[in-house]
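This is what each chain is made of:
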Amino acid sequence: MSIVDDLVKGVVDGVLKEILKKTTGRTTARTRRRTRPRTATGTISAIEKLLRPPKKQTSRKRTNRTRSKVKRRRY
């Protein structure tokens, strides 16, 4: 009876270690960081970008028309 218990305990311990290793060992996903302007010109251009008026939203119909295959074939 003790041989069976030792065998079961060994298998369970191995499985638990494997599961824990898989869940905690992932370090491939990294957080993206925003790049900041390093020079004065970069800072100025970032400020200018903020001051520009926002682009007007185009309709879905117009966007589809500009992306259409027929229109692309013309040029």
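This text gives an overview of the structure that appears in the document. Every value quoted in this text rests on a predicted model; they were computed, and no experiment measured them. (Residues numbered from 1 in each chain as written. Predicted model: local features only at pLDDT ≥ 70, side-chain atom pairs only at ≥ 80, totals over all residues. Heavy atoms only, no water.)

### Some details on the overall build of the protein chain
We count it as follows: A run of H or I in DSSP becomes a helix once it reaches four residues, and a run of E becomes a strand once it reaches two; helices and strands are each numbered from the N terminus. Only the protein chains shown count as cover for residues, and all accessible areas are computed by the Shrake-Rupley method using a 1.4 Å probe.
Counting its secondary structure elements, the protein chain contains 4 helices and 0 strands. Along the protein chain, helices (α) and strands (β) appear in the sequence α-α-α-α when read from the amino end. About 8800 Å² of surface is accessible on the protein chain, with carbon and sulfur atoms providing 56% of the total.

### With respect to a nonpolar patch on the surface
Threshold: A residue counts toward a patch only above 30% relative accessible area and without a salt bridge, and it is joined to like-charged neighbours within 9 Å or, for Val, Leu, Ile, Met, Phe, Trp and Tyr, to nonpolar neighbours within 5 Å. Within this document, salt bridges are pairs made up of a side-chain nitrogen of Lys or Arg and a carboxyl oxygen of Asp or Glu, the two lying within 4 Å of each other.
A surface patch of nonpolar side chains, amounting to about 700 Å² of accessible area, comprises V4, L7, V8, V11, V12, V15, L16 and I19. Of note, L7 is situated in helix α1 (residues 2-24).

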